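Chain residues, written in single-letter form:
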Amino acid sequence: MKEVTFRVFRGDKEKGELKEYKVPLSEGMVVLDAIHEIQATEANDLAVRWNCKAGKCGSCGAEINGKPRLMCMTRMDVLPMDKPVTVEPMKRFPLVKDLVTDVSWNFEVNKRIRPLKPQPRQADGTHRMMQMDVERIQEFHKCIECFLCQNVCHVMRDHKITDFIGPRFLIRCATLVMHPLDTENRLRELKDDFRIGYCNITKCCTEVCPEEIGITDNAIIPLKERVAGAFYDPLAWLWRLLTGKKADQRT
Amino acid sequence: MSHEIHEHDVLVIGAGGAGLRAAIEASALGVSVGLVSKSLLGKAHTVMAEGGMAASLGNTDDRDDWKMHFRDTIRGGKMMGNWKMVEIFAKEAPDRVNELEEWGALFDRTEDGRIAQRNFGGHRYPRLAHVGDRTGLEMIRTLQNHGIHQGVDIYMECTIVELLMDGDRIAGAFGYWRESGKFVIFKAKAVILATGGVGKCYRFTSNSWECTGDGQALAYRAGASLVGMEFVQFHPTGMIWPPSVRGVLVTEGVRGDGGILKNNLGERFMFNYIPEMFAAETADTVEEASRWLEKDPNARRPPELLTRDVVARSIRAERLAGRGSPHGGAFLDIASQRSPEYIKRKLPSMYHQFKHLGNLDITKEPMEVGPTCHYIMGGVLVDPETAGSDVPGLYSAGEAAGGLHGANRLGGNSLTDLIVFGRRAGQYAAEYAKSLKSSIKISDAQLKQVEKVAIAPFEDSGKENPYQVFQDLQSCMELNSGIVRVKSELETCLVELEKLKERAAKVKVEGNRHFNSGWHYALDLRNLLTVSEAISLSALHREESRGGHTREDFPDSTEKFEKVITIVKEKGGKMTWKHEPKSEMPEELKELLA
Ligand SMILES: Cc1cc2nc3c(=O)[nH]c(=O)nc-3n(C[C@H](O)[C@H](O)[C@H](O)COP(=O)(O)OP(=O)(O)OC[C@H]3O[C@@H](n4cnc5c(N)ncnc54)[C@H](O)[C@@H]3O)c2cc1C
Ligand code: SF4
Ligand code: SF4
Ligand code: FES
């Protein structure tokens, strides 16, 4: 049976290194299978998060050959196997151990977003919403909170700016702002508290999203336009001029 | 002893749909609530649910009502469901679904803008509110985003090892932080077990690592009764190839949306396996089944939508007759029934899953599928109204609790179960906690004892690898206590489980307590052994076949066993069983079953 060499990060906050393991290759194997194999045989105490093994829970994000991906959805046959495969934890978050990082910051950020405040029900007790209108935000609801986008966004990764809530939570705001039933106005906090202005549309977040959500085009840009529209910001006006996009009509 | 201590009126163990809904309710009643989960918030097994949640909203077909839902659930459960629970469930389901919408859930819509409903196995009318094929994600995120604003204290990545008692009533729980390995004590007047299922007892399962039967085992060790543990659901359509994904679920929604099952001769074999009980409502020709797909209201449902136990057994029978697919299952074909656009819109995550993991385009080719362990109908015995167990202060809801689904669960009934009985557990646990006047006490001796059990894997002189024992347990259960059971194998299973218990006691873990997966497995193993024993013992003594329990030596359902439920309980350090008469259904409900 063919063997593949893995270089897996082992260590904690204080120290760590890439350790080499050899794993027999089987048909259809994904990176998470290899990690489990290593865990079951050579390194019982290897720390890794996972749950569903089918790309549905967003637990198993890591940097595979330097690229942020879900381990359970990365098949070995998409990687060059003549070279060792490196598996490292997400870099943006504080390390806990091995492949596990401390993502608690994300949960704190989420608490700052006010929940939906729906309009009253119709006389017959139902809420009416058209498929066309919900479909647009259903796309954002596909988010599995893997935080890979939060991991790559340079605003936080390189500039360490933590009052910016990041792409994951901008799309959550977008679902609320575009929700047909919501009655809150959220634009001021998007600008002042969540600091949407920091995003300069590099689209790195969209590139890594395993759910293929149009984070920038479908969520962040329309939000930016609404914020700009609401506050008549001359910079935003210039930005609109440069990108050639019109303000969203459906505010 | 100097451990970290937290004090709450109500402690909810488990942050899946049931636990979150319970915590929200208890908190709304003004008591202090703690919520503990093994994984991060929003990752519980509920997130994986695909097809939808059943409620007789009557939006897609207005002939539906709670009585029909009641009927289908009792019949689907092969008459073993607790009638009172099913009645409450069917009546309260629509309100609970509407409430989720109020909290932000975005279900697929009908043309006039109401919540759309889809067909599923065993449901007479289209009944499942859904969001494509990722309904569980919608449920958990909605509850999570609502719940974080309700003042609940959330303890993530914390595993409960044992319940703590004050005499014979609940006093809290003892656990460890997965990250640091440090111990933590929760003092609580009431505890709700919402810990989910037991799928990890078997090798091929749709369940995640978390599903090790912790709640059932914790309850058992605290002296509570378990009910119906012989009823384990093997879902007929799990992925079977490649090996890496064996067991991963293929939603029943594929069949609800028109998918058909074929053998290696290309025959649509389900027409040959229609049980008498369902003959009157099942199409018996391809022609009629096609009319149903075209929405002819007079056409009966295709046989692919028979209940899961029936379909799983049929696939197995085809394989044994030499008509199985190359890797020992059947072909599930939707490509020949629906357009690629339709499939991608209605089943996006199935499309994605097969494309990425199976190298297969389901809009062009049939999938290869076979049975996978999916759900346990049995669980903690609870009062139908209050969700209370027979230990004062201990409640349970969701998959951890037993009774609602009888011998077989209908698809879509679990998600609804979580919110209906999650809410009730939260309510009654809060009321119980408020009514307790005296304070609770936890003895030092008890804490010392639990602590000893928890660190044993580091100190013992044993040599067993926890992963190996874990795998051997799964093989043993699959071989001897799986889809089709027989007396001699079940007896062997119980003997083998004793040996595995001895090996588990000698498990040795390397490294320290800091996020040590080996240690986590070693402690989960204890629970897995308890529930495996409960399953096998209950299965041995039900000498008939019914729903999720199939005996090769007793292939028929019998009147004698229809009258009894199996109860398992600890007595003097040993697991004991008994058959108890099932409570009699009132006449007016019996009439609904016709
Ligand atoms: C792939 C798949 C698809 C499904 N599709 C559907 C569907 O379409 N419709 C439907 O109705 N049902 C479906 N089901 C079934 C349904 O999803 C589950 O039965 C249900 O989600 C269980 O929810 P729960 O709240 O009881 O527990 P879970 O969601 O399993 O949550 C259990 C919680 O308990 C915690 N926990 C467990 N043990 C401990 C411990 N010792 N200490 C601390 N915390 C602990 C876990 O961390 C977790 O938070 C599906 C199941 C699967 C696997
Ligand atoms: S587009 Fe914006 S949010 Fe996304 S990575 Fe770039 S700066 Fe960050
Ligand atoms: S938006 Fe995409 S990348 Fe970001 S957390 Fe959600 S699923 Fe992950
Ligand atoms: S394990 Fe759930 S996304 Fe990878």
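Quick caveat: nothing in here was measured; it's all calculated off a predicted structure. (Residues numbered from 1 in each chain as written. Chains lettered and ligands numbered in written order. Predicted model: local features only at pLDDT ≥ 70, side-chain atom pairs only at ≥ 80, totals over all residues.)

With respect to the site of ligand 3
All names here are of chain A. The local shell around ligand 3 holds 17 residues, among which Cys143, Cys146, Cys149, Arg168 and Cys209 are the closest. Only helix 4 (148-152) and helix 6 (167-177) provide two or more residues apiece to the shell around ligand 3. If one sorts the elements of the shell around ligand 3 by residue count, helix 6 sits on top with 3 residues. Looking at side-chain class alone, the shell around ligand 3 contains 13 nonpolar, 1 polar and 3 charged residues. (Near = placed C-beta within 6 Å. Helix = DSSP H or I, 4+ residues; strand = E, 2+ residues; numbered from the N terminus. Nonpolar A, V, L, I, M, F, W, Y, C, P; charged D, E, K, R; others polar.)

A short note on the domain arrangement of chain B
Residue and element names in this part refer to chain B. The domains assigned to chain B are domain 1 (240-373) and domain 2 (444-581). Each of domain 1 and domain 2 has a C-alpha centre, and these two points are 33 Å apart. The interface is formed by 5 residues belonging to domain 1 together with 4 residues belonging to domain 2. It is helix 9 (residues 308-320) that contributes the most residues to the side of domain 1 that touches domain 2, 4 residues altogether. For the side of domain 1 that touches domain 2, the per-class residue count stands at 2 nonpolar, no polar and 3 charged. (Domains from an automatic or database assignment. Contact = placed C-beta atoms within 7 Å.)

A look at the packing of helix 1 (residues 17-28) of chain B against helix 12 (residues 413-435) of chain B
All names here are of chain B. Remark: helix 1 packs on helix 12, axes separated minimally by 7 Å, with the N-to-C direction vectors making an angle of 35 degrees. The interaxial crossing formed by helix 1 with helix 12 has right-handed handedness. Taken together, the residues of helix 12 that come into contact with helix 1 (itself represented by Gly17, Ala18, Gly19, Arg21, Ala22, Ala23, Ile24, Glu25 and Ala26) are Leu415, Leu418, Ile419, Phe421, Gly422, Arg423, Ala425, Gly426, Gln427, Ala429 and Ala430. The class makeup of the residues in the contact of helix 1 with helix 12 is 12 nonpolar, 5 polar and 3 charged. (Axes fitted to C-alpha atoms, helices over the stretch in contact; angles between N-to-C directions. Left-handed = near helix turned anticlockwise from the far one by under 90°.)

Remarks on the domain arrangement of chain A
Residues and elements named next belong to chain A. Partitioning chain A into structural domains gives domain 1 (3-101) and domain 2 (104-243). For domain 1 and domain 2, the distance between their C-alpha centres works out to 31 Å. Facing the 12 residues of domain 1 at the interface are 12 residues of domain 2. The class makeup of the residues in the side of domain 1 that touches domain 2 is 6 nonpolar, 3 polar and 3 charged.

What to know about the site of ligand 2
Every residue lining ligand 2 is accounted for by Cys153(A), Val155(A), Pro167(A), Cys199(A), Asn200(A), Ile201(A), Thr202(A), Lys203(A), Cys204(A), Cys205(A) and Thr216(A). Taken together, the residues of the shell around ligand 2 break down into 7 nonpolar, 3 polar and 1 charged.

Overview of the environment of Arg63(B)
Examined against the element boundaries, Arg63(B) turns out to sit in the loop between strand 3 (53-54) and helix 2 (66-76). C-alpha of Arg63(B) to C-alpha of Ile343(B): the two residues are 280 residues apart in sequence and 27 Å apart in space.

A few points about the interface of chain A and chain B
Counting residues at the interface gives 44 residues for chain A and 48 residues for chain B. Elements with a contribution of two residues or more to the side of chain A that touches chain B: helix 1 (31-41), strand 6 (95-97), helix 2 (104-111) and helix 3 (131-141) of chain A. Top contributing element to the side of chain A that touches chain B by residue count: helix 3 of chain A, with 5 residues. The residue inventory of the side of chain A that touches chain B, partitioned by class, reads 21 nonpolar, 12 polar and 11 charged.

A few points about the nonpolar core
Residue and element names in this part refer to chain B. Val10, Val191, Ile192 and Ala429 are the most contacted members of the largest nonpolar core, which totals 239 residues. By residue number, the principal contributor to this core is helix 16 (residues 517-541), which donates 13 residues. Not counting chain neighbours up to four residues away, the residues in contact with Ala429 comprise Val10, Ala26, Ala190, Ile192 and Tyr395. (Core = buried A, V, L, I, M, F, W, Y, C linked by C-beta atoms within 7 Å. Buried ≥ 20, exposed ≤ 12 C-beta atoms within 10 Å, placed from the backbone.)

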